[in-house]
Amino acid sequence: MQKPFYITTTLPYVNASPHVGFAMEIIRADVLARYKKSQGYTVFFSTGTDEHGQKIYQNAVDQGIDTQAYVDHYAEQFKGLRQALAISPDVHFIRTTDAHHIAAAQAFWKRCADNGYIYKKSYEGLYCVGCEMFLTDKDLVHGECPHHPGRPLTELKEENYFFKFSALQEKLLALYEARPDFVIPDFRFNEIKQFVADGLNDFSISRTAERMPWGIPVPGDDTQVMYVWFDALVNYISTLGWPDDQETFTQFWVEGTPTQIAGKDNLRQQSAMWQAMLIAADLPTTHQILINGFINSGGHKMSKSLGNVIDPYDLVREYGTEALRYYLVRHVHQYEDTDVTIDRFHEAYTAHLANGIGNLASRLLALSEKYCQPNTSAPAPHDAWHREMDAYRFDRAYDYVWSCIQALDKRIADEQPFKLVKEDPQAGALCITGMVTELLNITSMLEPLMPHTAERIYAAIAANTKPEIPLFARIERAA
Ligand SMILES: [Zn+2]
């Protein structure tokens, strides 16, 4: 039987258009999903949209439109990413306004409540509307939310339901102890271990329906709706059909190795809060969580006011989907923050795609077309690439692939098959065929990252002809 593999992104909150950080997250998840599939796994790949909460409600009210219409509009934009970013067509897309998810969130709540992890109390504190979270003193940086500097915090008093996070400290620490690579990379894992070891505060998991009606009703209490984080986190299992579809849930979550990918601003929610919620509901925890760094631009965090926002759709329009996938996986560090500028993107495109793989494939296939029979070798990815892919170091895996592309370029320069074939046709044809075989190997390694490019190179090799349209056209950049 095929082994199951489950991978999920976080669900972006639909109060704005998709940003490049999320594009990176879903592309990396897709690279992993495609890779695991190629290794014989049955893959369940999930993404979707987080659609409840104060900010969404407020935006819809401010714009004078129906909240459902507002979230429908944004959900479509996010669904459009699948096409724009060449995400696997069989990706599951869950919306937290789906009827099934709503029922699952309520069932999850009931389990936590039945197990004694939910209670009601009056709470007063500083609330960040950006995070949809109450913040404590130790969260603040210069009196502000570290993720939303410049945005005033609201003083809020409410009677809400609370989740007994504090009661789960020992169990979380035991989980971290038992799984030395539960969070990757190490420095993020250490950060969350420290956070939990320092002591946990119970957190509010509901809002009054009167103040904020756009949420999932708390089971048995019409006056309250669920806090958006509590509801949204449940998507990682409701997407598998939990609690109704026990078969799928068991296959991928209980007996599989459920894997999550998230940005560093989601470290606490994914690796502590969500895990505590699973423990409280008496369900197995996630197997592993990969934490991405941030993409900065021109030395700063991207922001509209600085005018340095990089729109993934713009890059796709100008350079194509495959170029964006390539750049975000190979040139953005897997775990550290990375600075991205359009200039650097353009340089990498020209050097590694137009002049790199594009030029190599076209030169080699032009020679093969003229002097060789069609190549029927089976593509064989290299072990060194497998090792990096298995370790989830996609950036290094693709550094390696480009070192193979360079090596093949060098072989052409050194062995000069275009001359050799004129002096000794048989030796020349053999030499070219050997090089096309290596191009096939390279193509098999490109497949998870650049599926369309790989498809076109395979087709050109099978037809023994150079690609009619260049794989990566040279793009002039206005000065
Ligand atoms: Zn915030």
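On a predicted model such as this, the values are computed, not experimentally measured, just so you know.

K.L.:
How do you make sense of the sheet that holds strand 8 (residues 203-204) when you look at a structure like this?
P.N.:
Pairing between the strands of a sheet comes from backbone hydrogen bonds, and it takes one of two forms, parallel or antiparallel. Reading across from one edge, 5-4-6-8 is the order of the four strands in this open sheet, with antiparallel pairing throughout. Of all the strands in the sheet, just strand 5 (133-135) and strand 8 have a single pairing partner and so form its edges. Pairing of strand 4 (residues 118-128) with strand 6 (residues 154-163) involves 10 bridges; the strand directions are antiparallel. If you follow L126 over to strand 6, its bridge partner there is E155.

K.L.:
Please explain helix 12 (residues 321-330) as it appears in this structure.
P.N.:
In an α-helix, one full turn covers 3.6 residues, which means residues spaced three or four apart are oriented alike. Along helix 12, nine of the 10 residues are buried, which leaves the element largely enclosed by surrounding structure. Listed in full, the buried residues belonging to helix 12 are T321, E322, A323, L324, R325, Y326, Y327, L328 and V329. In this structure, the buried residues of helix 12 make contact with helix 1 (20-38), helix 3 (67-84), helix 11 (312-319), helix 13 (342-371), helix 15 (394-415) and helix 18 (451-463).

K.L.:
Which parts of the structure should I look at to understand the nonpolar core?
P.N.:
Among soluble globular proteins, nonpolar side chains are generally buried collectively. Grouped together as the largest cluster of nonpolar side chains are 138 residues, with contacts concentrated most on A23, M226, L233, A276, M277, L324 and A361. Element by element, the count of residues in this core is highest for helix 1, at 11 residues. Each of domain 1 (4-292) and domain 2 (341-463) gives at least three residues to this core. Look past the residues within four positions of A23 in its chain and what remains in contact with it is P18, L81, L85, P312, L324 and L328.

K.L.:
Just to check I follow, could you spell out the environment of I87 for this structure?
P.N.:
Inspection of the secondary structure assignment puts I87 in the loop between helix 3 and strand 3 (92-95). Using a count of 25 C-beta atoms within 10 Å as the deciding quantity, one classes I87 as buried. Distance from I87 to I27, taken between C-alpha atoms, is 6.9 Å for residues 60 residues apart in sequence.

K.L.:
Where do I start with the sheet that holds strand 11 (residues 221-226) in this structure?
P.N.:
Spatially, the three strands line up as an open sheet ordered 9-11-10, and their pairing is antiparallel. The sheet is open, and its two edges are formed by strand 9 (206-208) and strand 10 (217-218), each paired on a single side. Of the pairings in the sheet, the one linking strand 9 to strand 11 comprises three bridges and is antiparallel in character. Its bridge partner lying in strand 11, S206 is registered against M226.

K.L.:
Help me out: how do you make sense of unusual backbone geometry in this one?
P.N.:
Most peptide bonds take the trans configuration, and most residues that are not glycine carry a negative phi. Here the amide bond leading from I184 into P185 is cis, since omega sits at 5°, within 30 degrees of zero. With respect to the helices, strands and loops of the structure, P185 is situated in the loop between strand 7 (183-184) and helix 6 (186-197). Residue W242 is joined to P243 through a cis peptide bond whose omega torsion reads 0°. Despite not being glycine, Y392 has its phi angle at roughly 60°, a positive value. Relative to the assigned elements, Y392 resides in the loop between helix 14 (383-390) and helix 15. Y392 sits in the buried class, given 22 other C-beta atoms within 10 Å.

So, how was this worked out
- Residues numbered from 1 in each chain as written.
- Predicted model: local features only at pLDDT ≥ 70, side-chain atom pairs only at ≥ 80, totals over all residues.
- Pairing = 2+ DSSP bridges.
- Helix = DSSP H or I, 4+ residues; strand = E, 2+ residues; numbered from the N terminus.
- Buried ≥ 20, exposed ≤ 12 C-beta atoms within 10 Å, placed from the backbone.
- Contact = placed C-beta atoms within 7 Å.
- Core = buried A, V, L, I, M, F, W, Y, C linked by C-beta atoms within 7 Å.
- Domains from an automatic or database assignment.

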